[in-house]
Amino acid sequence: MSVVFMGTPALALPCLEAAAAWAARRAARLSVITQPDRPRGRSGQPQPSPVKARALELGVEIHQPPRLRADADLLAALAAAPPRVIVVVAYGQLLPPAVLEAPALGCVNVHFSALPRWRGAAPVQRAIMAGDTTTGIDTMLMDVGLDTGPILLHEPTPIGAHETAGELADRLAALAPDVLTHTLDALEAGALTPQPQDDA
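None of the values given here were measured: they were computed from a predicted structure.

1. Thoughts on the overall build of the chain
Reasoning step 1: For the chain, the helix and strand inventory stands at six helices and nine strands.
Reasoning step 2: Taking 16 Å as the expected radius of gyration for a compact globule of 200 residues, we find that the chain reaches 16 Å, a close match to that expectation.
Reasoning step 3: On the principal axes, the C-alpha backbone points of the chain span a range of 50 × 45 × 30 Å.
Reasoning step 4: Out of the 200 residues belonging to the chain, those deemed buried represent 46%.
Reasoning step 5: In the chain, the share of contacts with a sequence separation of at least 24, taken over all contacts with a separation of at least 6, comes to 65%.
Reasoning step 6: About 9600 Å² of surface is accessible on the chain, with carbon and sulfur atoms providing 56% of the total.
Reasoning step 7: Side-chain charges of the chain comprise 15 positive and 20 negative groups, with the mean position of each set lying 6 Å from the other.

2. Quick word on helix α2 (residues 50-58)
Reasoning step 1: If you check which residues of α2 are buried, you get V51, K52 and A55. Along the axis of α2, the buried positions cluster into a sector of 95 degrees, meaning they face one direction only. Along α2, exposed side chains directed more than 90 degrees from the buried face belong to L56 and E57.
Reasoning step 2: Tucked inside the fold, the buried residues of α2 contact β1 (2-7), α1 (13-25), β2 (29-33) and β5 (61-63).
Reasoning step 3: Just past α2, the residue G59 takes up positive phi, approximately 75 degrees.

3. Section: the pairing of β2
Reasoning step 1: For β2, a buried count of four out of five residues is recorded, marking the element as mostly surrounded by other parts of the structure.
Reasoning step 2: As paired elements, β1 and β2 share five bridges and run parallel to each other. Among the inter-strand pairings, F5 is bridged to a residue of β2, identified as V32.
Reasoning step 3: In the classification by handedness, the crossover that spans β1, the intervening α1 and the parallel β2 is right-handed.
Reasoning step 4: Here β2 pairs with β5 via three bridges, running parallel. Within β5, the residue paired with V32 across the bridge is I62.

4. Comments concerning the layout of surface pockets
Reasoning step 1: What the largest pocket holds in volume is close to 590 Å³.
Reasoning step 2: A90, Y91, N109, G120 and D147 are, among the 34 residues lining the largest pocket, the residues nearest its centre.
Reasoning step 3: Listed by contribution, the elements that provide at least two residues to the lining of the largest pocket are β6 (85-89), α4 (97-100), β7 (107-111), α5 (123-129) and α6 (165-189).
Reasoning step 4: Estimates place the volume of the second largest pocket at around 170 Å³.
Reasoning step 5: Contributing to the lining of the second largest pocket are S2, V4, R29, S31, I33, E61, H63, L74, A77, L78, A81 and P83.
Reasoning step 6: Elements with a minimum of two residues in the lining of the second largest pocket: β1, β2, β5 and α3 (72-80).

5. Describing the nonpolar core
Reasoning step 1: By size, the foremost hydrophobic cluster in this structure holds 41 residues, and its most contacted members are F5, L30, V89, V108, V110, F112 and L180.
Reasoning step 2: A per-element tally of this core places α6 first, with ten residues.
Reasoning step 3: In this view, L30 contacts V3, F5, L16, A20, A23, V60 and E61; residues no more than four positions away in its chain are not counted.
Reasoning step 4: Counting 15 residues, the second largest nonpolar core, distinct from the first, contains L68, L74, I86 and L95.

What counts and how
Residues numbered from 1 in each chain as written. Predicted model: local features only at pLDDT ≥ 70, side-chain atom pairs only at ≥ 80, totals over all residues. Heavy atoms only, no water. Helix = DSSP H or I, 4+ residues; strand = E, 2+ residues; numbered from the N terminus. Rg over C-alpha atoms; globule rule 2.2 N^0.38 Å. Buried < 20%, exposed > 50% of the residue type's maximum accessible area, 1.4 Å probe, protein only. Contact = heavy atoms within 4.5 Å. Areas by Shrake-Rupley, 256 points an atom, 1.4 Å probe, with all protein chains shown as cover. Lys, Arg positive; Asp, Glu negative; His and termini not counted. Charge placed at Lys NZ, Arg CZ, Asp CG, Glu CD. Arc of directions from axis to C-beta. Pairing = 2+ DSSP bridges. Right-handed = clockwise from strand over helix to strand, strands pointing away. 1 Å grid on protein atoms, 1.4 Å probe; cavity = no way out; pocket = protein on both sides within 12 Å on 5 of 7 lines; lining within 4 Å. Points joined across faces, edges and corners; volume = space filled by probe spheres on them. Core = buried A, V, L, I, M, F, W, Y, C linked by side-chain atoms within 4.5 Å.

Take a look at the structure:
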């Protein structure tokens, strides 16, 4: 059995740790898909993403396709040996149908806001800009739309009156691993019924 984690920024690291622990408990092989190294800092030298840096420390297989949907070898490998589940946290690319359909338990996305209110990019910032008083962590089964898949679990949390987007993002990142672990456990046990989002 294998587990694939897809993510890029530091915000995804707590969930990477949770996915690694979940895979280890099942003697499953973990692999990571993340964005290619990008120039950073004053030197302009390519640097690994935070997720890649941690994956190197974990000693797991790493893939960095510039465009996932154009990487025929990686898509073929996923089709030939489908993972049990793919966990996606701020990866940065839309997933093609071949990836969405590969894992037995589906592609589980960890979203840093209450769906369907804030789909797409910058959900933490948009919740604060709108003056929302609550937000949360949602896990959902991904489909071909942008954050349109059915919701698996929702963990609400209030937004502090003076909380910044950075502070809220850090707090949500700390909440996310427990929500992800509970989601994966319940999916594995067949104890979750995905709830369609209200598109209205």
